[in-house]
Structures are given as structure tokens and as C-alpha cells.
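Structural overview
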Amino acid sequence: MPVFRNYIPVFTCILFFSILSVSNAQSITGKYTGDGNSTKSITGLGGEPDVLLVIPSTGGTSGGEIQTWLHSSTMGADEVKFTNGGDIVANDFKTGYLSSIDSDGFTVDSKSNVLGTEYYYVVFSDADGSITTGTFTGSTSTQNIATGYEPAMVWVWGDNVNSPDYVKWATSSNPTWTNRFSHGCAWWGEDIFNGFSPIGFTVNSSTSSGSGVISGGVYHYVSFQGTLGTATPGWGSGPDKITTSVQPGFLMTRHNSIRGNSTFIRTHEMPSGESYIPDHRAAQTNGILDFYVDGYDVGNTGQLRNQ
């Protein structure tokens, strides 16, 4: 059954965790088990998703078909974007994973309905104004993208506009720092973000030094409205408890002191002690460990902590 919860995306900076907590917004988290049929409908979500993230529980190769994927209302109805930030398989939009977005949920295709595989999903809706989806076209000039508020976090991705063409993100704690969604910081030639403002965010021109924006390329984005806070984990062997104002339903975190560190994601439905790097890998067992009514705890993986 889907679970309606406040969401807490978390971005981890050099020496502390930055927590994005949106008290008036809800995400819907849930899971389903593949039945091997050509399609499978997930219903009972209470509305049409605007952003959908699906995480398979099994692992595969970096360039294979078993991948975490993302879909937004700005994309074609059956198109998804792999969130793998370390393989060019993620460059272009894919089909065969999502059949449709429905009035009360979504329907997956056979590649996201493998017999016996569990899939975790996170759904966001813009019905309450807590997120904004849209597109922009790359330009030779810096552009201001209006959302009507100062974002706490923004995700941006293109459809094979450049190579590599990974999902990128930034937060209000460091709004000029472009990060790959799953696999560390962006490299030279991938920089998207130029800053946040009280009414939106700014993207680089195609001629900016190190820019990952291509003039004429179409980019999709989702902007999250919220408030950023910080918490400091310990430096011992772990685990360490992080206190929050609400119980997490969805959480993402990454230690940012080393370029190669990966993002970790956990939802309420995942087994105790498990979290996922949003790419092709199976469950991680020493990242985000458990959720509580007043927070969560992390293990001692070097990708979340600097030990």
C-alpha cells in the first residue's frame, strides 16, 4: 500500500548534513512486486503523479537494463531517464519501463515488472505548489528560471543533449555547485547551475567556463520548495542518529568531501538497514539504516561519512 508522508530529501555537505524538510508537502512512497506480465498498474495514489522515481531491488551491470529511473510530467508519457551518474547508458530517454501515468497512479511496462523483483517508488505531486516541473532551452546567455519561490533543491536533466548527459542537482546550501544524481559531483563540462534567487534558479550559458548547458538543447527540471537545515553526524564507527522534526518517508543523502561519493536513497518501505544508490546497484547495508518518528540513523560507510 502507498504511504503518504512528509518528505525529507537530504543533501550531505563536507562536514554536515543539510536537511530539506517541507512540512506542508507530501510524497507518496510505496512498493510493488513484479508479476512478469507485460504491464502492471499501481493505483490508489489519490491523483496523477507529476514526478515518479522507481528503484528496483535487484542489482545489475552499470550499462544494463536494471536501473533506477525518473519520470516527470514534462516528458513523453512512456519515457524515463536513468539516474545512473556513471555510465553513458543514462544519456538518452528510455522506453519499456513506464506504460502510462494514470489519474490514480501509474502503469509500468515489462522492464519494470520482472517476476519476483520488488520495486520501491516515490511520487511527488505539484497540486499543493510544493514542487514545480518545467523545461528550458539552453542558450548562449545565462537564464533565470522562474518558479515563484526560492528553491531548496532542483533536479535538471536532458534527453541526450550532451555526452555524458546525467541527471544533475543542486541545493540552496550550495546553489552554484552542480552534482550528479547518483555518482558524486559533476565534472568539468557538466556545470548547470549558476545560483538560486527568491523567485527561482539560474542556469549557465552554453559559453560559460565548464558549462554543461548546450545551446538549443531542451532540459527538464523539478524544483522543490522548502527550508534547509543542518545536522552533524559523529566521526566514530557509527551508527549515528540524526534528529528531524518529522518522520522521514523519503530521504536522500551524500557526503560531499570526496568527488566520487555516491548519493544514497531510502524510503519507508525498505527493509531495516537497507538503502540504495540510485543507479544499477542492489541494496546497500551500511548507508541509511532506519527511520524513526524523530529522525533516522546512518552507518559508517565512507561515502556518507568522513572517517
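Just above sits the structure.
Cut-off values and rules
Residues numbered from 1 in each chain as written. Predicted model: local features only at pLDDT ≥ 70, side-chain atom pairs only at ≥ 80, totals over all residues. Heavy atoms only, no water. Helix = DSSP H or I, 4+ residues; strand = E, 2+ residues; numbered from the N terminus. Buried < 20%, exposed > 50% of the residue type's maximum accessible area, 1.4 Å probe, protein only. Contact = heavy atoms within 4.5 Å. Areas by Shrake-Rupley, 256 points an atom, 1.4 Å probe, with all protein chains shown as cover. Pairing = 2+ DSSP bridges. Axes fitted to C-alpha atoms, helices over the stretch in contact; angles between N-to-C directions. Phe/Tyr/Trp six-rings, centres within 6.5 Å; stacked < 30°, edge-to-face > 60°. 1 Å grid on protein atoms, 1.4 Å probe; cavity = no way out; pocket = protein on both sides within 12 Å on 5 of 7 lines; lining within 4 Å. Points joined across faces, edges and corners; volume = space filled by probe spheres on them. Nonpolar A, V, L, I, M, F, W, Y, C, P; charged D, E, K, R; others polar. Salt bridge = Lys/Arg side-chain N within 4 Å of Asp/Glu carboxyl O. Core = buried A, V, L, I, M, F, W, Y, C linked by side-chain atoms within 4.5 Å.

Notes on the overall build of the chain
Counting its regular elements, the chain contains 0 helices and 25 strands. With 307 residues in all, the chain has 55% of them scored as buried. In the chain, the share of contacts with a sequence separation of at least 24, taken over all contacts with a separation of at least 6, comes to 64%. Element-wise, carbon and sulfur atoms account for 48% of the exposed surface of the chain, whose accessible area totals about 11000 Å².

Digging into the sheet that holds strand β16 (residues 179–180)
What the 5 strands build is an open sheet, ordered β12-β19-β14-β15-β16; its pairing is antiparallel. Unpaired on one side and paired on the other, β12 (131–137) and β16 mark the two borders of the sheet. Bridging between strand β14 (residues 151–158) and strand β19 (residues 218–225) involves 7 bridges; their strand directions are antiparallel. Pairing of W157 across the sheet is with H220, part of β19.

Describing the sheet that holds strand β18 (residues 200–203)
Taken in spatial order, the 3 strands of this open sheet run β13-β18-β17, and their pairing is antiparallel. The sheet terminates laterally at β13 (143–146) and β17 (193–197), the two strands that pair on one side only. When the angles between neighbouring strand axes are averaged without regard to direction, this sheet yields 25°.

As for the packing of aromatic side chains
The geometry of an aromatic ring pair is captured by the separation of the ring centres together with the interplanar angle, meaning the angle of the planes. Considering all chains together, one arrives at 14 aromatic pairs under this definition. The interplanar angle of 80° and the centroid separation of 5.2 Å between the aromatic rings of F124 and F224 together place this pair among those described as edge-to-face. Taken as a pair, F124 in strand β11 (residues 118–124) and F224 in strand β19 lie far apart in primary sequence, 100 residues in all. F224 gets classed as buried once you look at its relative accessible area, which sits at 0%.

Here we look at empty space enclosed by the protein
Tallied over the full model, the rule gives 2 cavities of 30 Å³ or more. Here the largest cavity defines a volume of roughly 70 Å³. Lining the largest cavity we find 14 residues, and of these D165, K168, I192, G212 and Y219 sit closest to its centre. The greatest single-element share of the lining of the largest cavity, amounting to 3 residues, is contributed by β14. A breakdown of the residues in the lining of the largest cavity according to their chemical character gives 7 nonpolar, 4 polar and 3 charged.

Structural notes on the pattern of salt bridges
Summed over the entire model, instances satisfying the criterion amount to 10 salt bridges. Between K31 and E118 there is a salt bridge, with its nearest N and O atoms 3.5 Å apart. Here the residue K31 occupies a position in strand β4 (residues 27–33), and E118 occupies one in strand β11, the gap between them amounting to 87 residues. K31 gets classed as partly exposed once you look at its relative accessible area, which sits at 37%. The partner of D92 in a salt bridge is K94, with the nearest N and O atoms 2.7 Å apart. Classification of K94 by relative accessible area gives buried; the value is 16%. What emerges from the salt-bridge pattern is a single network uniting K168, R180 and E190.

Focus on the pairing of strand β6 (residues 51–56)
Of all 6 residues making up β6, 6 are buried, and the element is well covered by its neighbours. Side chains of β6 alternate between two faces, with V51, L53 and I55 and L52, V54 and P56 buried alike. Pairing of β6 with strand β7 (residues 69–72) involves 4 bridges; the strand directions are antiparallel. From the neighbouring strand, L52 faces β7, where its bridge partner is H71. Here 6 bridges tie β6 to β11, and the two strands are oriented antiparallel to one another.

Details of the nonpolar core
Ranked by size, the top nonpolar core spans 23 residues in total, and within it F124, W155, W157 and M252 carry the most contacts. Only β6, β11, β14, β19 and β22 (250–253) provide two or more residues apiece to this core. In this structure, L45, Y119, Y121 and Y166 belong to the second largest nonpolar core, which totals 19 residues.

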